[in-house]
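Commentary on secondary and tertiary structure
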Amino acid sequence: MKLDVGTVFRWKDFPEPRSGEVKARWFIYLGDSGLFSQVLIAYLCTTTTQIHHFKAGGNRSTHDHHLFRKSPDSPFEEDCILDFDERPHALAKSTLENNSDIESKGKLNEQTLRMIYNRILKSRFYSKIILRDIHESFNKTGIAGLKKPK
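Residues numbered from 1 in each chain as written. Predicted model: local features only at pLDDT ≥ 70, side-chain atom pairs only at ≥ 80, totals over all residues. Heavy atoms only, no water.

1. A word on helix H1 (residues 110–122)
- With 13 residues, H1 ought to run about 18 Å at 1.5 Å a step, and its terminal C-alpha atoms sit 19 Å apart, in line with that.
- For H1, the set of buried residues is Thr-112, Leu-113, Met-115, Ile-116, Tyr-117, Arg-119 and Ile-120.
- Taken together, the buried residues of H1 touch strand S2 (25–32), strand S4 (65–68), strand S5 (80–83) and helix H2 (128–140). (Helix = DSSP H or I, 4+ residues; strand = E, 2+ residues; numbered from the N terminus. Expected span 1.5 Å × (residues − 1). Buried < 20%, exposed > 50% of the residue type's maximum accessible area, 1.4 Å probe, protein only. Contact = heavy atoms within 4.5 Å.)

What follows is the structure in structure tokens.
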């Protein structure tokens, strides 16, 4: 699978769950650590279908988030929420390539990617190093003019 910034994919039986439950997860590829890294690290944000947590009274109702609705124009096959108040996944890029459990579902448009970038830039869950790598990845893909991480 070719990974471009904004690629949306579904990973069947994701092997590194934070909740303890191995299950299928939706991811958005944000970029990588660059060719000069000893190990090429891919940065991914995950989404959740547990939308009730983000409604009034839910345990994530105060989190900054974005809802991706299932639609013919969306790569998501179900309604999913991207929680900006959650740290990204950082995995060796080699674990993603040619992985039979991963299925590419499409790519997000530039406007959506700019929105995601601007919101992760404000998140306290993304380190400056990861933000710089993501900024560089966006620039390499032609999404320029974004504010540099400080």
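2. Here's the deal with the layout of surface pockets
- The space that makes up the second largest pocket amounts to roughly 190 Å³.
- As for the second largest pocket, its lining consists of Leu-3, Asp-4, Val-5, Tyr-29, Gly-31, Asp-32, Gly-34, Leu-35, Leu-40, Ser-137, Lys-140 and Thr-141.
- For the lining of the second largest pocket, the secondary-structure elements that each account for two or more residues are S2 and H2.
- It is S2 that provides the largest number of residues to the lining of the second largest pocket, a total of 3 residues.
- Residues belonging to the lining of the second largest pocket are distributed by class as follows: 5 nonpolar, 4 polar and 3 charged. (1 Å grid on protein atoms, 1.4 Å probe; cavity = no way out; pocket = protein on both sides within 12 Å on 5 of 7 lines; lining within 4 Å. Points joined across faces, edges and corners; volume = space filled by probe spheres on them. Nonpolar A, V, L, I, M, F, W, Y, C, P; charged D, E, K, R; others polar.)

3. As for the side chain of Lys-93
- Positionally, Lys-93 belongs in the loop between strand S6 (89–92) and strand S7 (102–107).
- Owing to a relative accessible area of 11%, Lys-93 belongs among the buried residues under this scheme.
- In this view, Lys-93 contacts Leu-3, Tyr-29, Asp-32, Leu-40, Ile-41 and Ala-42; residues no more than four positions away in its chain are not counted.

4. Brief notes about the packing of aromatic side chains
- By the definition in use, this model includes 7 aromatic pairs.
- One aromatic cluster in this structure is built from Phe-9, Trp-11, Phe-14 and Phe-27. (Phe/Tyr/Trp six-rings, centres within 6.5 Å; stacked < 30°, edge-to-face > 60°.)

5. Re the nonpolar core
- Core analysis: the largest hydrophobic core is formed by 25 residues, its most contacted members being Ile-28, Leu-30, Ile-116 and Ile-134.
- For this core, the secondary structure elements donating two or more residues are S2, strand S3 (41–48), S5, H1 and H2.
- Of all the elements, H1 adds the most residues to this core, at 5 residues.
- Aside from chain neighbours lying at most four places away, what touches Ile-28 is Gly-6, Thr-7, Val-8, Tyr-43, Leu-44, Cys-45, Thr-47, Phe-68, Phe-76, Leu-82, Leu-108 and Ile-116.
- Of all hydrophobic cores here, the second largest spans 11 residues; its members include Leu-3, Phe-14, Tyr-29 and Leu-91. (Core = buried A, V, L, I, M, F, W, Y, C linked by side-chain atoms within 4.5 Å.)

6. Focus: the side chain of Ser-74
- Summarising the element assignment, Ser-74 is placed in the loop between S4 and S5.
- When its relative accessible area of 19% is taken as the criterion, Ser-74 is described as buried.

7. Concerning the pattern of salt bridges
- One pass over the full model with this rule turns up 9 salt bridges.
- Lys-93 is paired through a salt bridge with Asp-32; the nearest N and O atoms lie 3.1 Å apart. Pair noted here: Lys-93 is in the loop between S6 and S7 and Asp-32 is in strand S2, with a separation of 61 residues, a long-range link.
- Under the relative-accessibility criterion, Asp-32 is labelled buried at 15%.
- Measuring nitrogen to oxygen at the nearest pair gives 2.9 Å for the salt bridge that ties Glu-77 to Lys-105. Residue Glu-77 is located in the loop between S4 and S5, and its partner Lys-105 is located in strand S7; the two are separated by 28 residues in the primary sequence.
- Its relative accessible area of 44% is what places Glu-77 among the partly exposed residues.
- What emerges from the salt-bridge pattern is a single network uniting Arg-60, Asp-83 and Glu-86. (Salt bridge = Lys/Arg side-chain N within 4 Å of Asp/Glu carboxyl O.)

Keep in mind these numbers describe shape, not what the thing actually does.
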